[in-house]
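Residues per chain, in single letters:
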Amino acid sequence: MLGVSVRRHTDGKLSPRTTASLRRRLVVGGLVLLSLVLVTVSFRENGDGPLAGAQSAGAAVLRPFQVAADRVAKPFRDAYGWTSSLVDARSDAARLERENELLRQQVAERRLALRENATLRRLLQYRNGPRFPEGYSGLAAAVISRPAGAYAQAIVVAAGRKDGIRVDDPVVTQDGLVGKVSRVSSRTARVTLLTDDASAASALDVETQAFGIVRSGDGPRAPLRLDRVPKEARVRVGDTVATSGWSSPRLSSLYPRGVRIGQITSVGRTDTDLYTQVQVTPFADLSALEAVLVLIPVDRGATAP
Amino acid sequence: MRIAPLLLVAAVVQVTVLGGTRLLWAEPDLLLVTVVCIALSAGSIPGAFAGFAGGILVDVMTLGTLGTTSIVLTLAGYWAGRYGETTGRGRRYAPALAAFAISILAGLGEVALHFLLGEPVAAGDALVTAIPSAILAAVLALGVIRLTDAMLSAPQGLERARQVELV
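Cut-offs applied
Residues numbered from 1 in each chain as written. Chains lettered and ligands numbered in written order. Predicted model: local features only at pLDDT ≥ 70, side-chain atom pairs only at ≥ 80, totals over all residues. Heavy atoms only, no water. Contact = heavy atoms within 4.5 Å. Buried area = accessible area lost by both parts, 1.4 Å probe. Polar contact = N/O pair within 3.5 Å; in protein donor to acceptor, adjacent residues only side chain to side chain. Helix = DSSP H or I, 4+ residues; strand = E, 2+ residues; numbered from the N terminus. Nonpolar A, V, L, I, M, F, W, Y, C, P; charged D, E, K, R; others polar. Axes fitted to C-alpha atoms, helices over the stretch in contact; angles between N-to-C directions. Parallel < 35°, antiparallel > 145°, perpendicular 65-115°, else oblique. Left-handed = near helix turned anticlockwise from the far one by under 90°. Core = buried A, V, L, I, M, F, W, Y, C linked by side-chain atoms within 4.5 Å. Buried < 20%, exposed > 50% of the residue type's maximum accessible area, 1.4 Å probe, protein only. Salt bridge = Lys/Arg side-chain N within 4 Å of Asp/Glu carboxyl O.

Colleague: When you look at the interface of chain B and chain A in this model, what are you seeing that I'm missing?
Modeller: Interface size is commonly expressed as the accessible surface area that is lost when the partners come together. In this assembly, 36 residues from chain B lie in contact with 30 residues from chain A. Of the roughly 2900 Å² buried where chain B meets chain A, counting both sides, 74% is carbon and sulfur surface. Our enumeration of links across chain B and chain A arrives at four residue pairs in polar contact (both at pLDDT 80 or more). Listing elements by their share of the side of chain B that touches chain A, those giving two or more residues are α1 (3–18), α3 (44–62) and α4 (68–85) of chain B. It is α3(B) that provides the largest number of residues to the side of chain B that touches chain A, a total of 10 residues. For the side of chain B that touches chain A, the residue count by class is 20 nonpolar, 10 polar and six charged.

The structure is reproduced here in structure tokens:
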């Protein structure tokens, strides 16, 4: 054979090495061929023939071994299954925890939406009710920023110049006076709360008609105070305080008349003080505002504090 | 004949216990590892016979198409035996290396064979499990080779120099 370096003995016999190689190839070739024949016959018989019968007989012979092995392995397999199920349970728990977190977030969002809805509904009722001041239209606006600290008594609402809001417009809720607009941008407005040191509103005791000026109290958490109430004026604990706004053909106060502010919680008089010390708790919860009504004068004119 | 019990146990365990088991994406194939180790210990011809017999056992027990498993295992046993007789002779990592490589090739061969027979096979699944299964086979081979070496202390098929030819 050309190109094949097979060493031959002088007597024409193959070397043992070549014989072994040939034998190997013959054996493997034979086994592969036998496997192919088995595959072909088994495939063609399709479970109904002598080979299938032999296979069934073989399976029956081997079945006891399989049953024995299955019985021996069952505890181990159960243990493996238990461990595996633990791992699966852990991953399931992690997935369910993520889903639970998502659902909780959705529930919280829906609760917030419901609460906002209820707040806006109350504002709407107030705007359409008899207590709403005349000569104003109410623009409902969501609060998008709250006081950042004890010294920043202001909120930001999601309505601005494009909605008709101007500086000094009064801001109320259905519960009472909140403050006034102090800055306006195109889509937002800053509202300075009554509890700010710079705020002041002329007010009166609704029951006794005693006048005064509502200012911030000693701190952001302290009630308001009704300042400049003469000692001879009659004010009582439990009386309601409301704005005492006024208007003339050319001028009007910032706040309309009759907007509720709060309730008198304390009245004190000393010989040295010129005025009665009156503390007022605001009706509106200024620390938890969600939506407010900005009072926009129907006919804007000159105003005075 | 000494390898017959070993083959029977490996085949039964493979079919009864390990069939369908997954350990971290790896499917253990004890029979393939056993055939590879027998071939490394005893040589290519015993390896091929072991592969053929093991394959027939599996096909009989699973009532599958006779011959499909034996083709793959016959070639696996033969290649492992040739590797042990030539390059891998006396090397410590030979069992692990042979089991790793042959596990991948055997997996691909089985997929191709079942595909040719028109049987449903998930090639993607086989590819995903190929490398982890090969690693597991390599680890198993390190243990099984000791057993086969102990059982086949006098390699029967290994080509031993019976005479020296002077050229």
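Past the structure itself, the notes keep going.
Colleague: Is there a simple way to explain the packing of helix α2 (residues 30–42) of chain B against α3(B) in this structure?
Modeller: Each packed pair of helices is defined by two parameters, the angle between the axes and the distance between the axes. All names here are of chain B. For the pair α2 and α3, interaxial distance at closest approach is 7 Å and the crossing angle is 160°. In terms of axis orientation, α2 runs roughly antiparallel to α3. Two packed elements cross with a definite hand, and for α2 against α3 that hand is right-handed. Within the contact between the two elements, α2 uses Leu31, Val35, Ile38, Ala39 and Ala42 and α3 uses Ser44, Pro46, Gly47, Ala50, Gly51, Gly54 and Val58. Across the contact of α2 with α3, the residue classes break down as eight nonpolar, four polar and no charged.

Colleague: Please clarify how the nonpolar core should be interpreted in this entry.
Modeller: In globular proteins that are soluble, nonpolar side chains generally tend to be buried together. Ranked by internal contacts, the top residues of the largest apolar core, which has 58 residues, are B:Leu31, B:Ile38 and B:Ile102. Only α1 (16–45) and α2 (50–128) of chain A together with α1, α2, α3, α4, α5 (94–116) and α6 (123–151) of chain B provide two or more residues apiece to this core. Contacts of B:Ile38, omitting those with residues within four sequence positions, involve B:Ile3, B:Leu6, B:Leu7, B:Gly43, B:Pro46, B:Ala50, B:Thr148 and B:Leu152. Residues A:Val172, A:Val191, A:Ala210 and A:Val214 belong to the second largest nonpolar core, which totals 46 residues.

Colleague: Any chance you could explain the pattern of salt bridges here in plain terms?
Modeller: All names here are of chain A. Going through the model one piece at a time under the given rule, you end up with 11 salt bridges over all chains. As a salt-bridge pair, Arg104 and Glu101 come within 3.8 Å of each other at their nearest N and O atoms. Within this pair, Arg104 and its partner Glu101 are both found in helix α2, separated by three residues, close to a single helical turn. Notably, a salt bridge pairs Arg115 with Glu290, separated by 2.6 Å at the nearest N-O pair. With Arg115 in helix α2 and Glu290 in the loop between β12 (275–282) and β13 (291–297), this pair connects stretches of sequence that are 175 residues apart.

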